[in-house]
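Chain residues, written in single-letter form:
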Amino acid sequence: MSFDYKRMIKFEHNVGDKEKNYRMYAGSALIFISIFNASIILLVIGLALVGTGFSGWCPVYSGLNKNTCTPAGDAAITSVESAVAEAAASVKAAATEAVETVEAVAAEVAETVKDVAADAVETAEAAAAKVAAAVKGDDDDKPANG
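Residues numbered from 1 in each chain as written. Predicted model: local features only at pLDDT ≥ 70, side-chain atom pairs only at ≥ 80, totals over all residues. Heavy atoms only, no water.

1. What about helix α3 (residues 40-55)?
Item 1. Compared with the 22 Å implied by 1.5 Å per residue over 16 residues, the 22 Å span of α3 between its first and last C-alpha is a close match.
Item 2. Every buried residue of α3 is accounted for by Gly46, Thr52 and Gly53. Looking straight down α3, one finds that the buried residues subtend no more than 135° of arc, so they occupy a single side. For α3, exposure combined with an orientation more than 90 degrees from the buried face picks out Ile40 and Phe54.
Item 3. Considering only its buried residues, α3 is in contact with α2 (17-37) and α4 (59-64).
Item 4. Backbone geometry just downstream of α3 places Gly56 in the positive-phi region, at approximately 80°. (Helix = DSSP H or I, 4+ residues; strand = E, 2+ residues; numbered from the N terminus. Expected span 1.5 Å × (residues − 1). Buried < 20%, exposed > 50% of the residue type's maximum accessible area, 1.4 Å probe, protein only. Arc of directions from axis to C-beta. Contact = heavy atoms within 4.5 Å.)

2. Topic: the packing of aromatic side chains
When we look at a pair of aromatic rings, we describe it by the centre distance and by the angle of the planes.
Item 1. Applying the stated criterion to the full structure yields one aromatic pair.
Item 2. Ring plane angle 75° and centroid distance 5.0 Å describe the contact between Phe32 and Phe36, whose orientation is recorded as edge-to-face. With Phe32 and Phe36 both in helix α2, this residue pair falls four residues apart, about one helical turn.
Item 3. For Phe36, a relative accessible area of 61% puts it in the exposed group. (Phe/Tyr/Trp six-rings, centres within 6.5 Å; stacked < 30°, edge-to-face > 60°.)

Okay, here's the thing in structure tokens:
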């Protein structure tokens, strides 16, 4: 196994999720211990572990061409993407159905408004005819005084 210096400076994620957590916890513990022991070496190692755990990239792993990232992470991303696509399709279908329902209800309301308006026009015409007859003096509605 040879160490590749050119590959070492290439930033590629090569630390898996599980190892990230281990590095963060171990680095934090070393930093904490270094504060009480006044040890610069523990502080530097702790900072390196926290840094590589946080970034997900280890230059030593890059130089050794080692990668602890699992394809399960890629599968999780793919499953999340497919779940989002399914949710988007469901939302689109629900929105389309809602629009169709609103259009149907609006058509029914418009038809009802037309009917009510037609009835109101007929009633207004009948009332206008009665008023016009009363103004003319049409005494058909008055009782005869004999």
